[in-house]
Each structure stands twice: as C-alpha cells, then as structure tokens.
Amino acid sequence: MNNQTDLSSESHALREAWMRHEDGFLKDYLVSSVEDPRIHFPSILSRGLLVDRLQPEKYRELIWSEYRFGISMSYVLSVLQRRPAPRTRALLLEALESGMDSFQSIPIPAYFIETWRLQRSSPDPVEHYIDQALRCTESLGATELDPRVLTGFQNRWREVFKQWDMAPISVMEAACGSANDYRYMDAFGMSAIMNYHGFDICPKNISNALAQFPKARFEVGNVFEIQAETDSVDYFFVHDLFEHLSIQGMHQGLREVCRVTRGMACLCFFNMADRADHLVEPKDGYHWNRLSLARVLEFIEPFCQDVQVIHTGRFLQNAFECGDYHNPGSYAVVLNFESK
Ligand SMILES: C[S@@+](CC[C@H](N)C(=O)[O-])C[C@H]1O[C@@H](n2cnc3c(N)ncnc32)[C@H](O)[C@@H]1O
C-alpha cells in the first residue's frame, strides 16, 4: 500500500467517525462546560494571538484579563459540577466574604480569591464577574453559568473591533467543527478583522456551520490536502485534530499547514506530553494518540522560522498561580514563518 492509498482510507474512516454523530450533537458537544470557547484557554489563546499579531502588545492587558476570566469561570463551573445544589453559588460567595479558603470541603484557589478581591476594589462593574456569577438568582440549571456573565468579554472585544481600522487578514482554521470557535469569533466582532476560511472533513459539521453563518466561508476539506495556495494564509489555527490522525497523517497535515501559512500558525493539542515517543492508540476506526512534544517539534522545526511551546497548565501556573487547569495534556505550539 502506498502513502496515498493509506491516507485515502484514513480520510474515509475519519469522515465516517464524525458522520455517525447526530447534527445536533456535533453542533454543541465541543462548546459546552469548560470547553465553551468563551472560557476555554486554547480558544482565548487563539483569538489573543491573532489580535496580538495585528496589534503587538496593544491589547495584552485585555487578553490577560480574559485568561483570568476563563480560569475563574472554569473554577465556578467545576464547583457547580461537584455540588450541583441550588445554594452552591451563595455558599461560595459567603465563604469568599468570610475570608475562607475552602467551602464544603472544596478548596478555593488563591487566584480565585485574589481575582474576587481585585474585582471588589474595581470601580468598573463589568469587572465584577465573580459576584455576578455567584449572585445570579435566575432559573439557571445547577451547573450553568449566567449567560450575561459569559458575554462580558464579548462586549468588551466588540467595542475594540468597532474602532479597528486595519485591513482584514487571511485566517484559516482546520477541523473547524460546526463553527465551534468561529461562532464566538463572530459574536466578538472579529469577522471585521479577518477573511476567514474554515474547513472540516465532516459534511454535517459544515452544514451546521453554514446554517449559522450562510455568508461565511465554510467548506468540506481535508488537512491532508488543504485547498489553498502555498504561502497564502496570514494566520492559521487548529484545535484538537492531530491526536486523531495516524502519525503518517499527522505529518502530512503538519506539512500542509506549513505549506499554506506565511505568517503564524497556532496548533492546539489536547493530548500531548513530554515523552520520548508518540503513543499510538487506534480507536473506533480513527485515533486517540498521546503525542510526544519532542517528536512533533523535531518534525516541524525544519519548516518554520521559530517555534514557541505553551503548556497550558504551566503557563497558567506561572501567570496566575493557577494549579487546577483540568487538562495536563493541553499544549499550544505556535509557529512563526515570517522570513519565508
Ligand atoms: C475533536 S474535533 C475538534 C473540533 C474543533 N476544532 C474544536 O476544537 O471544537 C475534531 C474535528 O476534526 C475533524 N477532522 C477529522 N479529520 C480531519 C481531517 N483529515 N481534515 C479536516 N478535519 C478533520 C472532525 O470532523 C472534527 O470536527
């Protein structure tokens, strides 16, 4: 069997692996709970890197405030999931007000206490999102966050992009799902700063995406053979795809990302580790691999100018002393192609 035959049967299997799900499931399963792109670190990072690339440094403070928002809301969610009772929010707020560092035997992390204190002293009510999330008395599900709190940063970014006066850049997303990240990029006002092109191997995802955004560019496509000219994309991003490919398929996908990107690529992984080799785990016709960071870097480095690695847990630990990020296998590998 030659490489091409391998990848065409793999492509078929990947398509089938996602097509067996219902449309409604595909539309929502990756944008709920801690994976809601408004609080999920890799999503905030991908948006932040795009903004920072266009306006270096200018919005760093806002981006970092959004990281803090993401970890704080993820903590609230984790508490609600552990104690799904109507009084949980009020009990957590009481604990904060009494200066306690745990409640109901759940530790309250220092970054969360610090964030709450900082907010209390801020004159800007938009900053008071912990109080708002915990005071909410409306009929929310026991493990649901107040939608008004979730849109806090959306409104702040919309204001930024309203005043934006730069020409849009080309942005491409592989494995875009049902506009999982794009739906919030659009809600945040980012459509104004980019010419977006998303593709996914699963036609149900693409019809879900087009049903939400009929005018946006969503296409059925395969990372093994990206439909774009060489060096045509300013900013490429992809979340949670490469673990699902064979190693040969991942190499082909990485080669393609490097071929089409002329600016920067942000590759987010959900199951990577500091280990010598990839752990290949076939699953239901596709893969659920644990990838070796070293092996991915070794493969990718010859294609680009420089590479930056962000291990989500360690980044959040250093930045906010946040030690409870839920996924130790979460990494971002950021590629710069500038001198191409
Ligand atoms: C775990 S989901 C991630 C979806 C989205 N990026 C997110 O993070 O919410 C993996 C996605 O990869 C898509 N996919 C799988 N193989 C692909 C390929 N060869 N080319 C493009 N998309 C692919 C699937 O259809 C699915 O939507």
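In this text the structure is predicted, and so the values were computed from the model without any measurement.

Caption draft 1: Quick look at the domain arrangement of the chain. In terms of domain boundaries, the chain breaks down into domain 1 (3–33 + 166–336) and domain 2 (68–150). A straight line from the C-alpha centre of domain 1 to that of domain 2 covers 31 Å. Tallying the contact residues gives 8 residues for domain 1 and 8 residues for domain 2. Here the residues of the side of domain 1 that touches domain 2 are counted per class, giving 3 nonpolar, 3 polar and 2 charged.

Caption draft 2: Spatial organisation of the packing of helix 4 (residues 60–82) against helix 6 (residues 110–120). Packing of helix 4 against helix 6 leaves a shortest axis separation of 10 Å and a crossing angle of 115°. The orientation of helix 4 relative to helix 6 falls into the category roughly perpendicular. Between helix 4 and helix 6 lies a crossing whose hand is left-handed. Where helix 4 abuts helix 6, its residues Arg 68, Ile 71, Ser 72 and Tyr 75 lie against Tyr 111, Phe 112 and Thr 115. The residue inventory of the contact of helix 4 with helix 6, partitioned by class, reads 4 nonpolar, 2 polar and 1 charged.

Caption draft 3: Molecular detail of the site of the ligand. Residues in contact with the ligand amount to 19 residues; listed here are only the nearest, Ala 175, Gly 177, Asn 180, Cys 202 and His 239. The element contributing the most residues to the shell around the ligand is helix 1 (residues 3–19), with 3 residues. Its residues assigned to classes, the shell around the ligand comprises 10 nonpolar, 7 polar and 2 charged.

Caption draft 4: Expanded view of the environment of Val 307. Tracing the backbone through its elements, the reader meets Val 307 in strand 12 (residues 306–311). Through-space distance from the C-alpha of Val 307 to that of Cys 266 is 9.9 Å; in sequence the pair is 41 residues apart. Among residues more than four places away in sequence, those in contact with Val 307 are Leu 297, Ile 300, Glu 301, Val 333 and Leu 335.

Caption draft 5: Region of the structure containing helix 14 (residues 312–320). Buried within helix 14 are the following residues: Thr 312, Leu 316 and Phe 320. Axial view of helix 14: buried residues confined to an arc of 30°, hence all on one face. Along its buried surface, helix 14 packs onto helix 3 (41–54), helix 4, helix 6, strand 12 and strand 13 (331–336). Where helix 14 ends, the next residue or the one after it, Glu 321, has phi of about 55°, a positive value.

Caption draft 6: Representation of the environment of Ser 207. Relative to the helices and strands, Ser 207 is located in helix 11 (residues 203–212). Taking C-alpha positions, Ser 207 is 12 Å from Glu 22, a pair spaced 185 residues apart along the chain.

Caption draft 7: Examining unusual backbone geometry more closely. Here Asp 231, not a glycine, exhibits a phi torsion of approximately 55°, which is positive. Locating Asp 231 in the fold gives a position in the loop between strand 5 (217–220) and strand 6 (233–239). The phi angle at Glu 321 is positive, at roughly 55°, despite the residue not being glycine. For Glu 321, a count of 11 C-beta atoms within 10 Å corresponds to the exposed category.

Caption draft 8: Quick look at the sheet that holds strand 12. A sheet is described by the order of its strands in space; here 7 strands give the open sequence 5-4-3-6-7-13-12, paired in mixed fashion. Of all strands in the sheet, those bounded by a partner on one side alone are strand 5 and strand 12. Geometrically, the sheet is characterised by an average inter-axis angle of 15° between neighbouring strands, direction not taken into account. Both strand 7 (residues 261–269) and strand 13 contribute to a ladder of 6 bridges, which runs antiparallel. The residue bridging Phe 269 from the neighbouring strand is Tyr 331, located in strand 13. Along the sheet face, helix 11 touches strand 4 (194–200) and strand 5 and points at about 165° away from the line of strand 5.

Caption draft 9: Quick peek at the environment of Tyr 129. The topology assignment puts Tyr 129 in helix 7 (residues 129–135). A tally of 24 C-beta atoms within 10 Å means that Tyr 129 is categorised as buried. As for Tyr 129 and Leu 291, which are separated by 162 residues in sequence, their C-alpha atoms are 36 Å apart. Excluding anything up to four places from it in sequence, Tyr 129 contacts Phe 69, Val 149 and Gly 152.

Caption draft 10: Molecular detail of the nonpolar core. Counting 79 residues, the largest nonpolar core has Ala 133, Phe 236, Val 238, Ala 265, Cys 266 and Leu 267 as the members making the most contacts within it. If you tally residues by element for this core, the top one is helix 4, at 7 residues. Counting only domains with at least three residues in this core, you end up with domain 1 (3–33 + 166–336) and domain 2 (68–150).

Caption draft 11: Just the pairing of strand 6, in detail. Of all 7 residues in strand 6, 7 are buried, a share of seventy percent or more. By the bridge criterion, 4 bridges tie strand 3 (residues 169–174) to strand 6 in an arrangement that is parallel. In the strand pairing of strand 6, Ala 174 is matched with Val 238. Sheet topology places strand 6 next to strand 7; 6 bridges connect them, and they run parallel. For Phe 236, the partnering residue across the bridge sits in strand 7 and is Ala 265.

Criteria and cut-off values
Residues numbered from 1 in each chain as written. Predicted model: local features only at pLDDT ≥ 70, side-chain atom pairs only at ≥ 80, totals over all residues. Domains from an automatic or database assignment. Contact = placed C-beta atoms within 7 Å. Nonpolar A, V, L, I, M, F, W, Y, C, P; charged D, E, K, R; others polar. Axes fitted to C-alpha atoms, helices over the stretch in contact; angles between N-to-C directions. Helix = DSSP H or I, 4+ residues; strand = E, 2+ residues; numbered from the N terminus. Parallel < 35°, antiparallel > 145°, perpendicular 65-115°, else oblique. Left-handed = near helix turned anticlockwise from the far one by under 90°. Near = placed C-beta within 6 Å. Buried ≥ 20, exposed ≤ 12 C-beta atoms within 10 Å, placed from the backbone. Arc of directions from axis to C-beta. Pairing = 2+ DSSP bridges. Core = buried A, V, L, I, M, F, W, Y, C linked by C-beta atoms within 7 Å.

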